[in-house]
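Fold and geometry: a report
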Amino acid sequence: MLAPQANRVMAVGEWEERWDDGRTGFHQPQVHKMLELNIDKVLAGRPGVRFFFPLCGKAVDMKWLADRGHSVVGVEISEKAIKQFFEENNLAYSEEPVPSIPGAKVYKSSEKNICLYQCDLYKFSSSIEGQFGAIWDRGSLVAINPRDREKYAALLTSLMAQDCRYLLDTLLYNPDLYPGPPFLVPDEQVHSLFGPSCDVELLQSVDAMTERHRSWNIDYLTENVFLVTLKKV
């Protein structure tokens, strides 16, 4: 099923170019409906949850969560995306180097509990910000190169605190018709990536086809949302 995309590779610089050129159709100007619909399942009654956003872009979801008393740590390769996030949300921020990641910078909001790291995702680890009580993965697993998924799953699992609730958004379509990104992530692969150490629950499966997606020349697009939680030890 994945075969047409299995060896597709996007260099990190290509994502930076997309931000620099404004080719960011994946960015949503409003809070993602799947986060809104499932936020109670993610929070599970917990106040002040620490959220991790892999490949965060300038997602407005981050401010939405911070406004509700949660804290956010994101990782993003594009400096432009990070600066736009703070500027478009009228948030003052500071900028400093990250000693443990050469060349990386961290941008911190002075009024909201939001820290965004500008670096390669795979250079990030729990030694930098500890582990998290929640993860919102809306455009990350579907964006990374398919051959890196095992490495990615290992990183994300390592960032999960024991009570972490990881909301994962994936897409299904015919990969013979569109090369990606976003890439196809079959349900079976979600289970093979996370199943050994986590319980994986499908929360929702919806028809996500829009006019933008029709331009990809695909004939269907299904959006699946999973809740991933560490197995009890």
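Scope of this entry: the structure provided in the associated data block.

Reading the values: the criteria
- Residues numbered from 1 in each chain as written.
- Predicted model: local features only at pLDDT ≥ 70, side-chain atom pairs only at ≥ 80, totals over all residues.
- Heavy atoms only, no water.
- Axes fitted to C-alpha atoms, helices over the stretch in contact; angles between N-to-C directions.
- Helix = DSSP H or I, 4+ residues; strand = E, 2+ residues; numbered from the N terminus.
- Parallel < 35°, antiparallel > 145°, perpendicular 65-115°, else oblique.
- Left-handed = near helix turned anticlockwise from the far one by under 90°.
- Contact = heavy atoms within 4.5 Å.
- Nonpolar A, V, L, I, M, F, W, Y, C, P; charged D, E, K, R; others polar.
- Pairing = 2+ DSSP bridges.
- Disulfide = S-S within 2.5 Å.

It is worth spelling out the packing of helix H6 (residues 149-158) against helix H7 (residues 187-194) at this point. Two elements in contact, H6 and H7, have axes whose closest approach is 9 Å; the angle formed by their N-to-C orientations is 55 degrees. Classed by the angle they form, the pair H6 and H7 counts as oblique. H7 is crossed by H6, and the crossing has right-handed handedness. Taking contact as the criterion, the partners of Arg-149, Glu-150, Ala-153 and Thr-157 in H6 are, on H7, Gln-189, Leu-193 and Phe-194. A per-class count over the contact of H6 with H7 returns 3 nonpolar, 2 polar and 2 charged.

Our next topic: the environment of Ala-44. Tracing the backbone through its elements, the reader meets Ala-44 in the loop between helix H2 (33-43) and strand E1 (50-53). A C-alpha to C-alpha distance of 27 Å links Ala-44 and Phe-124, two positions 80 residues apart in sequence.

Once that is clear, we can look at the sheet that holds E1. Judged by pairing direction, the sheet is mixed, and its 9 strands sit side by side in the order E3-E4-E5-E2-E1-E6-E7-E9-E8 without closing on themselves. Each edge of the sheet is formed by a strand with only one pairing partner; in this case those strands are strand E3 (93-97) and strand E8 (198-207). Strand-to-strand twist of the sheet, defined as the mean angle between neighbouring strand axes without regard to direction, takes the value 20 degrees. With 9 bridges connecting them, E8 and strand E9 (residues 222-230) associate as antiparallel partners. The residue of E9 that forms the bridge with Ser-205 is Asn-224. Running at roughly 145 degrees to strand E7 (residues 160-172), H6 makes contact with E1, strand E6 (132-137), E7, E8 and E9 of the sheet.

Counting across every chain of the model gives 0 disulfides. You can see Cys-115 has no disulfide; the closest cysteine sulfur is in Cys-56, sitting 11 Å from it.

What is shown is where atoms sit, not what they do.
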